[in-house]
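Structure at a glance
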Amino acid sequence: MDRAYFKGIENHVAPLSLELQELLDNLSFNQAGLIPAIAQDAVSREVLMMAWMNLDAIRETLRTQEVTYWSRSRQQLWKKGATSGHIQKLKRISIDCDGDTILCEVEQLGAACHTNRHSCFYIEVELATDVVRVHPL
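Report on the accompanying structure. (Residues numbered from 1 in each chain as written. Predicted model: local features only at pLDDT ≥ 70, side-chain atom pairs only at ≥ 80, totals over all residues. Heavy atoms only, no water.)

Observations concerning the nonpolar core
Core analysis: the largest hydrophobic core is formed by 21 residues, its most contacted members being M49, M53, I58, V67, Y69, I102 and C104. Looking at this core, the elements with two or more residues in it are α1 (3-10), α2 (20-25), β1 (35-41), β2 (47-53), α3 (55-64) and β6 (102-108). Per-element tally for this core: the top contributor is β2, with four residues. The contacts of I102, once residues within four sequence positions are left out, are I35, P36, A37, I38, M53, I58, I93, S94 and I95. (Core = buried A, V, L, I, M, F, W, Y, C linked by side-chain atoms within 4.5 Å. Buried < 20%, exposed > 50% of the residue type's maximum accessible area, 1.4 Å probe, protein only. Helix = DSSP H or I, 4+ residues; strand = E, 2+ residues; numbered from the N terminus. Contact = heavy atoms within 4.5 Å.)

So this is what it looks like as structure tokens:
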């Protein structure tokens, strides 16, 4: 990954069009070839989950417009909802300013979390009291 690529985008003040392959070539994957991907509800803006993608998962997501991740435990591509039916339909995909995180804005069909909750972020720390609240199903 060439940091200068994203630095050049950062300093660009007019609208800019880039080639997709060039952008993909400059993403910052970790040593395992993975990049964090955040799924956010495209309407409510609620963060639903975080998972990992590799280049093949990104390409499959763009091709099908249904979000596909890389399963670290199974060591294979994992189309969200393939077994549960809780599909994530891709509405928009964005890359952060460093090229090291992906944001997938989705239409979530069913629950995003394996616990059958809408979001994986259901454990909340109350800052004023340091009490941890777990939102029920």
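From this point on, the discussion continues.
Remarks on the sheet that holds β1
One open sheet holds the four strands; their spatial order is β2-β1-β6-β5, and the pairing between them is mixed. For this open sheet the edge positions go to β2 and β5 (88-95), each flanked by a neighbour on one side alone. Between one strand axis and the next, the sheet turns by 25° as a mean value, whatever way the strands run. In this structure, β5 lies alongside β6, joined through seven bridges in antiparallel fashion. Bridge assignment links R92 to a residue of β6, and that residue is E105. Packed on one face of the sheet, α3 meets β1, β2, β5 and β6 and runs near 125° to β2. (Pairing = 2+ DSSP bridges. Axes fitted to C-alpha atoms, helices over the stretch in contact; angles between N-to-C directions.)

Section: the packing of aromatic side chains
Ring pairs (aromatic) are described by centroid distance and by the angle formed between their planes. All told, the structure shown has two aromatic pairs when counted by the stated rule. Ring centres 5.1 Å apart and planes at 80° place the aromatic pair Y5 and F6 in the edge-to-face group. Judged by centre distance (5.2 Å) and plane angle (40°), the rings of Y69 and W78 are tilted. Here Y69 falls in the buried class, since its relative accessible area comes to 0%. In this structure W78 comes out as partly exposed when scored by relative accessible area, which is 25%. (Phe/Tyr/Trp six-rings, centres within 6.5 Å; stacked < 30°, edge-to-face > 60°.)

Geometric values such as these leave the question of function open.
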